[in-house]
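Listed here are the chains, written in short residue letters.
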Amino acid sequence: MNSRIKELRKEYKITQDELAGAVGVTRQTIISLENGKYNASLQLAYRIARYFNLHIEDVFIFEEDI
């Protein structure tokens, strides 16, 4: 799963550490999400989207395997 987290962080001018603190995870988790090495739980995806005042689908790119 890919995301727009890094792009949104730069747009909003916030650090990985600031985002991590706001959504209750470690900076390492944000790094892993940005690098596509970790898939966010639904709860975390919701918190991140809510932080940016967006829908989950606007932050995370879900690619279905058909």
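All of these numbers come straight from a predicted model, not from anything done at the bench.

> For this particular structure, what's the right way to read the packing of helix α2 (residues 16-23) against helix α3 (residues 27-34)?
Relative placement of two packed helices is described by the angle separating their axes and the distance separating the axes. The geometry of α2 relative to α3 is characterised by a closest axis approach of 8 Å and an angle of 110 degrees between their N-to-C directions. The angle between α2 and α3 places the two elements in the roughly perpendicular class. Counted together, Q16, D17, L19, A20 and V23 of α2 and R27, I30, I31 and E34 of α3 form the full contact between these two elements. Residues belonging to the contact of α2 with α3 are distributed by class as follows: five nonpolar, one polar and three charged.

> Can you help me understand the pattern of salt bridges in this one?
Side chains bearing opposite charge may pair, as long as their charged atoms lie close to each other. Summed over all chains, the structure comprises two salt bridges. One salt bridge in this structure joins R4 and E7, with 3.0 Å as the shortest N-O distance. On the basis of relative accessibility, which here comes to 26%, the residue R4 falls in the partly exposed class. For E34, the salt bridge is made with R9, and the minimal N-O distance between the two is 2.5 Å. With a gap of 25 residues between them, E34 in helix α3 and R9 in helix α1 (residues 5-12) connect regions that are remote in the sequence.

> Mind showing me how you'd approach the packing of aromatic side chains here?
A ring pair, where both rings are aromatic, is described by two values, the distance of the centres and the angle of the planes. Taken as a whole, this structure holds two aromatic pairs when the rule is applied. Note on Y12 and F52: the rings are 5.0 Å apart at their centroids and 65 degrees apart in plane angle, and the pair reads as edge-to-face. Placement of Y12 in helix α1 and of F52 in the loop between α4 (42-51) and α5 (56-59) is noted, with a sequence separation of 40 residues between them. Overall, Y12 belongs to the partly exposed group, its relative accessible area being 39%.

> Before we go on, may I ask you to explain α1 in this structure?
Along an α-helix, a turn takes 3.6 residues, which lines up residues three or four apart on a common side. Of all the positions in α1, only I5, L8 and R9 are classed as buried. Taken around the axis of α1, the buried residues stretch over an arc of 100 degrees, which confines them to a single face. Turned more than 90 degrees away from the buried face of α1 sit K10 and E11, all of them exposed. Just downstream of α1, K13 is the residue with a positive phi angle, here 55 degrees.

> What is the right way to look at the nonpolar core in this model?
Generally speaking, a soluble globular protein has its nonpolar side chains buried in company with each other. In terms of nonpolar packing, the biggest core is built from 17 residues, with I5, L19, I30, L33, I48, V59 and F60 touching the most fellow members. For this core, the elements supplying multiple residues, two or more each, are α1, α2, α3, α4 and α5. Residue contributions to this core peak at four residues, all from α4.

Rules behind the numbers
- Residues numbered from 1 in each chain as written.
- Predicted model: local features only at pLDDT ≥ 70, side-chain atom pairs only at ≥ 80, totals over all residues.
- Heavy atoms only, no water.
- Axes fitted to C-alpha atoms, helices over the stretch in contact; angles between N-to-C directions.
- Helix = DSSP H or I, 4+ residues; strand = E, 2+ residues; numbered from the N terminus.
- Parallel < 35°, antiparallel > 145°, perpendicular 65-115°, else oblique.
- Contact = heavy atoms within 4.5 Å.
- Nonpolar A, V, L, I, M, F, W, Y, C, P; charged D, E, K, R; others polar.
- Salt bridge = Lys/Arg side-chain N within 4 Å of Asp/Glu carboxyl O.
- Buried < 20%, exposed > 50% of the residue type's maximum accessible area, 1.4 Å probe, protein only.
- Phe/Tyr/Trp six-rings, centres within 6.5 Å; stacked < 30°, edge-to-face > 60°.
- Arc of directions from axis to C-beta.
- Core = buried A, V, L, I, M, F, W, Y, C linked by side-chain atoms within 4.5 Å.

In short, geometric facts, not functional conclusions.
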